[in-house]
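Read off the chains here:
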Amino acid sequence: MTAVRLSGAHRIWAERAGVRGASAFLVTRNGMLVGRGYYPSVEELAEVVDLADLRAG
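Given the structure is predicted, the values throughout are model-derived calculations rather than measurements. (Residues numbered from 1 in each chain as written. Predicted model: local features only at pLDDT ≥ 70, side-chain atom pairs only at ≥ 80, totals over all residues. Heavy atoms only, no water.)

*Asks:* Outline the pairing of strand β3 (residues 32-39), supporting the account with residue identities and numerical values.
*Replies:* In terms of strand pairing, strand β2 (residues 25-29) meets β3 through four bridges, oriented antiparallel. Across the sheet, the residue bridging to F25 is Y39, located in β3. Between β2 and β3, which pair antiparallel and follow one another directly, the connecting turn spans two residues, one of which, N30, has a positive phi of 55°. (Pairing = 2+ DSSP bridges. Helix = DSSP H or I, 4+ residues; strand = E, 2+ residues; numbered from the N terminus.)

Here you go:
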């Protein structure tokens with residue numbers, strides 16, 4: 001799994017998905033979104049995936 005911190009224009013997609021926050025992340029596995037794909041914080045991401053499986057993108 002890959003987690004990418006969103007910034008700039010990429011944040012627009014997160015905001016359209018209802019995810020707001022200074023530290024929004026996009027999470028994918030083999031190019032496919034994991035869960036809803038966008039997460040506003042590491043804490044919410046940890047509720048859905050095992051953080052040990054992540055690698056920075």
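There is more to say, and it comes next.
*Asks:* Break down the pairing of β2 for me, citing the residues and quoting the values.
*Replies:* Bridge count for strand β1 (residues 2-5) against β2 is four bridges, and the pairing is antiparallel. Within β2, the position partnered with R5 by the bridge is F25.

*Asks:* Quick rundown of the pattern of salt bridges? Include the residues and the values.
*Replies:* Considering all chains together, one arrives at one salt bridge under this definition. Between R36 and E44 there is a salt bridge, with the nearest N and O atoms lying 3.1 Å from each other. The exposure class of R36 is partly exposed, given its relative accessible area of 44%. (Salt bridge = Lys/Arg side-chain N within 4 Å of Asp/Glu carboxyl O. Buried < 20%, exposed > 50% of the residue type's maximum accessible area, 1.4 Å probe, protein only.)

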